[in-house]
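# Structural features, examined
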Amino acid sequence: MSARLPLVLRRLGRLQPPGPPRRLRELCRASSGGGGGCGGGEGLLGQRRLRDTQAGSSRGPGSRAPPARDSIVREVIQNSKEVLSLLQGKNPAFKPVLAIIQAGDDNLMQEINQNLAEEAGLNITHICLPADSGEDEIIDEILKINEDTRVHGLALQISETSFSDKILNALKPEKDVDGVTDVNLGKLVRGDARECFVSPVARAVIELLEKSGVNLDGKKILVIGAHGSLEATLQCLFQRKGSMTMSSQWKTPQLQSKLHEADIVILGSPKPEEIPLSWIQPGTTVLNCSHDFLSGKLGCSSPGVHGTGPIAEDVSLLAAALRIQNMVSSRRRWFREQQYRRWRLHCLKLQPLSPVPSDIEISRAQTPKAVDILAKEIGLLADEIEIYGKSKAKVRLSLLERLKDQADGKYVLVAGITPTPLGEGKSTVTIGLVQALTAHLNINSFACLRQPSQGPTFGVKGGAAGGGYAQVIPMEEFNLHLTGDIHAITAANNLLAAAIDTRILHENTQTDKALYNRLVASVNGVREFSKIQLARLKKLGINKTDPSTLTEEEMRKFARLDIDPSTITWQRVMDTNDRFLRKITIGQGSTEKGYSRQAQFDIAVASEVMAVLALTDSLADMKERLDRMVVASDSNGQPVTTGDLGVTGALTVLMKDAIKPNLMQTLEGTPVFVHAGPFANIAHGNSSVLADKIALKLVGEEGYVVTEAGFGADIGMEKFFNIKCRASGLVPSVVVLVATVRALKMHGGGPSVTAGVPLKKEYTEENLQLVADGACNLEKQIQIAHLFGVPVVVALNVFKTDTRAEIDLVCELAKRAGAFNAVPCYHWSIGGKGSVDLAQAVREAASKKSRFQFLYDVQLPIVEKIRTIAQAVYGAEDIELSPEAQSKIDRYTEQGFGNLPICMAKTHLSLSHQPVKKGVPKDFILPISDVRASIGAGFIYPLVGTVSRCVFPVLCVLPAETYNKA
């Protein structure tokens, strides 16, 4: 033990106790006045012990010596130190901070707090306010500390009269180390003392009595002059010890008779002068715990009446030590909460109707839990969420650091067979599966979904919240805007697009010197390079940091990017279907000085910024990825990046909130992350790596994270494995392959399926032959999953027109094709209960050891990687490169990008490049019309056939009132 604590005890111990007092007022007078009573600074320690002569003459038979209070304090501090040391052994960087808001000057109290805290290993900070500070000033400081994540405990040292309800209600219960808030008092009364803070003053009273050998069972306790939390806590603690507790104020008429009856008297405030000492019976134990302890104005204890009291100790110093112990105990609870535990989730009940109402009616009929309640149920801390309204919240990435040692749960991917234009219900199966796992099997599970684009939401496809009784709610919140992530992507993308054209304009119209002076402007007479400009200088091989030392040639190289307009690949984006923006001419205004060029708008979710968001694993990583995005080439064929344009920081700031996953819930109250939304045909089609990683930590080792890959397994699943898993390092446990009787009939030769047109009778009546003939597509998709070494469970999403014979046939054919299991699912009509069989099949399959492997080595040449996917996954005979595609491949290889994975931009309606080719097309050559690169995201994407990144055409847009009634 350091010298700090003994120094405190020695300093206070030098104060000598006064002679036997004659009036009770003199026994307990606060030391703040400096005269009478205990005098000076003795109030903190009070009378250390009775002199041997006093003790020897006053104690009767069986009396016990007063407790060695100093040793109790040492024991408490040493215990706190050991516990904290153990916690810091698990997390060396962690050191708790206690804040004390103090009104008035009390240097002694500050020193005591500081020494006790440092002895235990805590950091402590004092916020000193003037003694006459008002309620609002104190509350302002409290609110600041409440939101300061660096501070873990808060105590108030203010006058007793300042403890208003308004101040107490401002305190955050989890930081209230003095146990004065209603939440902490309520938990204590309810019997949850281990889960709350208990007043250190009240604890000190009990501790001193019990360490003195006093048996409290049956004792009559009188608490005088105590108010509020201290009175309630003392009563509660004494009653738990079997004592009979009475409370009284100093002006109570029956006070004298109560004092005569009491075995132990606890003084909660200084005694008025008119109360005579003779009212207290000889042998009565008197302890002072005046609430002024909290203000630093500490009273001294009674040395016993006529020297006969068994205890002659003040509670103040011990209370200060127990406050430190409260702080350490709270950190121990905090560490315990960081560890995985099975969720105590309150699931929402469903009352399915038949016939099944519309999706929007079902969504609006269910009342979601408040998102902060959901967050607490799944183990998120209060400072780890940012709430958006009542039903949405963003989750901070700090959670990953907190749970870094937590084992991941099982990782389940939901993919599908080649779909009809109507979609086959992968999102619905994903939601139904997690509802079954958590709401019906009591297993921790998380769904991770993509955020839907506004384009298809207002087109034929509609939203992506699931359907029937397997949905994310509220449906409107999910499908429209959410928390604004896509808007942030649009802003970042278009800022970069504007920077490209603006830079070309300025370079075309200014001299080298003028351009350099604008880029490195003088601010208050000082010119200096920014960090991103220094990075560009380093890239150019210019090792200078003083702007005035560059030569004319170096200034020219630094200032001019020499972008070749014909090589610009970065387009503007918007999240609305508008076919008239597919090709545009920009720069027609007179202020653009004749600089114009052909450009286009893409759909927002096709932006590389979206792909970066989906694949990043931290804010720093996102900034690096944004920095290296290639937007064009210069006149020498070298890549021009975001970093060269100097806008990396601006893009990162626009994306700083979008990087946080969005928390929502299913119809049955189970958690869902909705984050990122790249399409699977023109991008990689998976939700974010960060959402998956956070969810895998939250569910724990025995839990399940179920995520979805867009479109068929040949597109979304292949990219999930070769791109997303390569970026994240996560290993999938099982694939759930979604099939429908409708899609199998289409692949078996059924009539074409067109959005907005009623289905032909072949799809609404039993037709086993069409099902059997179309099973080839299901078999092929199972084989694709097996290429990666992952077991497959087929989920047959049952529609009301499917017959028992068709359902049984699909399940039998799936098992013959190598599926681990095949299960019909009814979640659309009855919720999670309808997917319990699927959940059990997934659990069984996930228990098998994964033999996951990538399809290709990224070190292979770009052409060979494209050919591998075309032949092994799509079943193509070979590939055919257009001259432009070959030229791009040569350029990217020369620029050093040849070792990136491949993201094929292909139609989702066929295994081939031709949407009309159903089933399993054979003997076809896959045409590669163009090849582009998303260097920031980290992949090369060939364009297959005529696939487009442009703004989708509006196929069918419903009026708002129709949407609301849908």
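We now turn to the structure provided with this report.

Thresholds, definitions, all that
- Each chain has its residues counted from 1, following the order in which its sequence is written.
- With the structure being a predicted model, the display of local features is reserved for residues of pLDDT at least 70 and the display and counting of side-chain atom pairs for 80 or more, all residues being used for whole-chain, interface and lining totals.
- To obtain the side-chain values, all non-hydrogen atoms of the structure were included, while hydrogens and water were left out.
- Think of it in three bands: residues with accessible area under 20% of the maximum for their type are buried, residues over 50% are exposed, and the middle band is partly exposed, with areas taken using a 1.4 Å probe on protein chains only.
- Note on conventions: DSSP H or I runs of at least 4 residues are helices, E runs of at least 2 residues are strands, and numbering of each starts at the N terminus.
- Strands are treated as partners if at least two bridges between them are detected by DSSP.
- Two residues form a contact once any of their heavy atoms are found within 4.5 Å.
- Angles shown run from 0 to 180 degrees and are taken between the N-to-C directions of axes, each axis being a line fitted to C-alpha atoms and, for helices, limited to the stretch in contact.
- Asp and Glu count as negative and Lys and Arg as positive, but His and the ends of the chain are not part of the count.
- Salt bridge criterion: a side-chain nitrogen from Lys or Arg within 4 Å of a carboxyl oxygen from Asp or Glu.
- Between rings of Phe, Tyr and Trp, where Trp is taken as its six-membered ring, a pair exists when centres lie within 6.5 Å; planes separated by under 30 degrees are stacked, by over 60 edge-to-face, and by other angles tilted.
- The cut-offs work like this: below 35 degrees is roughly parallel, past 145 is roughly antiparallel, 65 to 115 is roughly perpendicular, and the gaps in between are oblique.
- The hand of a helix crossing depends on one turn: near helix anticlockwise from the far one by less than a right angle means left-handed, and clockwise means right-handed.
- We call Asp, Glu, Lys and Arg charged. Ala, Val, Leu, Ile, Met, Phe, Trp, Tyr, Cys and Pro are nonpolar, and the rest, Gly among them, are polar.

### Quick notes on the pairing of strand S28 (residues 939-944)
Across the six residues of S28, six count as buried, placing the element largely inside the fold. In S28, alternate side chains face the same way, and those of Phe939, Tyr941 and Leu943 on one face and Ile940, Pro942 and Val944 on the other are all buried. Two elements, strand S27 (residues 925-934) and S28, share six bridges in a ladder whose sense is antiparallel. The residue of S28 that forms the bridge with Arg932 is Tyr941.

### A look at the side chain of Gln451
Tracing the chain through its elements places Gln451 in the loop between strand S11 (445-449) and helix H17 (454-457). A residue is classified by how much of its surface remains accessible, and Gln451, at 5% relative accessible area, is buried. Setting aside residues no more than four positions away along its own chain, Gln451 makes contact with His481, Leu482, Asp485, Ile486, Val674, His675, Ala676 and Gly677.

### Re the sheet that holds strand S7 (residues 285-288)
An order of S5-S4-S6-S7 is seen for the four strands of this open sheet, with the pairing classed as parallel. The outermost strands of the open sheet, each flanked by one partner alone, are strand S5 (244-248) and S7. Across the sheet, the mean angle separating the axes of adjacent strands is 20° when strand polarity is ignored. For strand S4 (residues 220-224) and strand S6 (residues 264-267), the ladder comprises four bridges, and the chain directions are parallel. The partner of Leu222 across the bridge, within S6, is Val265. Lying over the sheet, helix H10 (residues 228-240) contacts S4, S5 and S6, oriented at roughly 165° with respect to S5.

### A look at the environment of Gly409
You can see Gly409 is positioned in the loop between helix H15 (398-402) and strand S10 (410-416). With 288 residues separating them along the chain, Gly409 and Lys697 place their C-alpha atoms 6.8 Å apart. If near-sequence neighbours (up to four positions away) are discounted, Gly409 is found in contact with Leu696, Val699, Gly700, Glu701 and Gly703.

### Some remarks on the side chain of Lys426
Mapped onto the fold, Lys426 is located in helix H16 (residues 426-440). Although buried, Lys426 forms no salt bridge, and the nearest oppositely charged side chain, Glu708, lies 4.2 Å from it. Residues in contact with Lys426, not counting those within four places in the same chain, are Val414, Ala415, Gly416, Glu708, Ala709, Gly710, Phe711 and Val738.

### Re the pattern of salt bridges
Tallied over the full model, the rule gives 43 salt bridges. The partner of Asp485 in a salt bridge is Lys394, with the nearest N and O atoms 3.0 Å apart. Of the two residues, Asp485 sits in helix H19 (residues 485-509) while Lys394 sits in strand S9 (residues 392-395), which places them 91 residues apart along the sequence. You can call Lys394 buried: its relative accessible area is 0%. The salt bridge involving Lys724 is made with Asp692; its shortest N-O contact spans 2.6 Å. Residue Lys724 is located in helix H28 (residues 713-728), and its partner Asp692 is located in helix H27 (residues 689-699); the two are separated by 32 residues in the primary sequence. Each member of the pair, Lys724 as well as Asp692, is classed as buried. Among the charged side chains, a salt-bridge network with shared partners connects Glu386, Arg396, Lys656, Asp657 and Lys660.

### Section: the packing of aromatic side chains
The tally for this structure, following the rule as stated, stands at ten aromatic pairs. Ring plane angle 50° and centroid distance 5.6 Å describe the contact between Tyr411 and Phe720, whose orientation is recorded as tilted. With Tyr411 in strand S10 and Phe720 in helix H28, the pair connects residues that are 309 residues apart, well separated along the chain. Taken individually, Tyr411 and Phe720 each receive the classification buried, so the pair is uniform in this respect. Seen in terms of ring centroids, Phe939 and Tyr941 are 6.4 Å apart; in terms of plane orientation they differ by 70°. Their pairing is edge-to-face. Like Phe939, the residue Tyr941 is buried in the burial classification.

### So, the environment of Phe94
Summarising the element assignment, Phe94 is placed in the loop between helix H4 (69-90) and strand S1 (97-103). The buried category is assigned to Phe94, whose relative accessible area is 8%. Leave out the neighbours within four places in its chain, and Phe94 touches Gln88, His152, Arg331, Trp334 and Phe335.

### Remarks on the sheet that holds strand S3 (residues 153-157)
Strands sit in the order S2-S1-S3 across an open sheet of three strands; the sheet is parallel. The strands lining the two open edges of the sheet, one partner per strand, are strand S2 (123-129) and S3. Between one strand axis and the next, the sheet turns through 20° on average, direction left out of account. For S1 and S3, the ladder comprises five bridges, and the chain directions are parallel. Across the sheet, residue Ile101 finds its bridge partner in S3, namely Leu156. Contacting S1, S2 and S3, helix H6 (residues 135-147) runs over the sheet at an angle of about 155° to S2.

### A look at the packing of H19 against helix H23 (residues 608-615)
At a closest axis distance of 9 Å, the pairing of H19 and H23 adopts a crossing angle of 125°. One way to sum up the angle between H19 and H23 is to call them oblique. Every pair of crossing elements has a handedness; the one defined by H19 and H23 is right-handed. Across from Ile486, Ile489, Ala492 and Asn493 in H19, the residues of H23 making contact are Val609, Met610 and Leu613. When its residues are assigned to classes, the contact of H19 with H23 shows six nonpolar, one polar and no charged.

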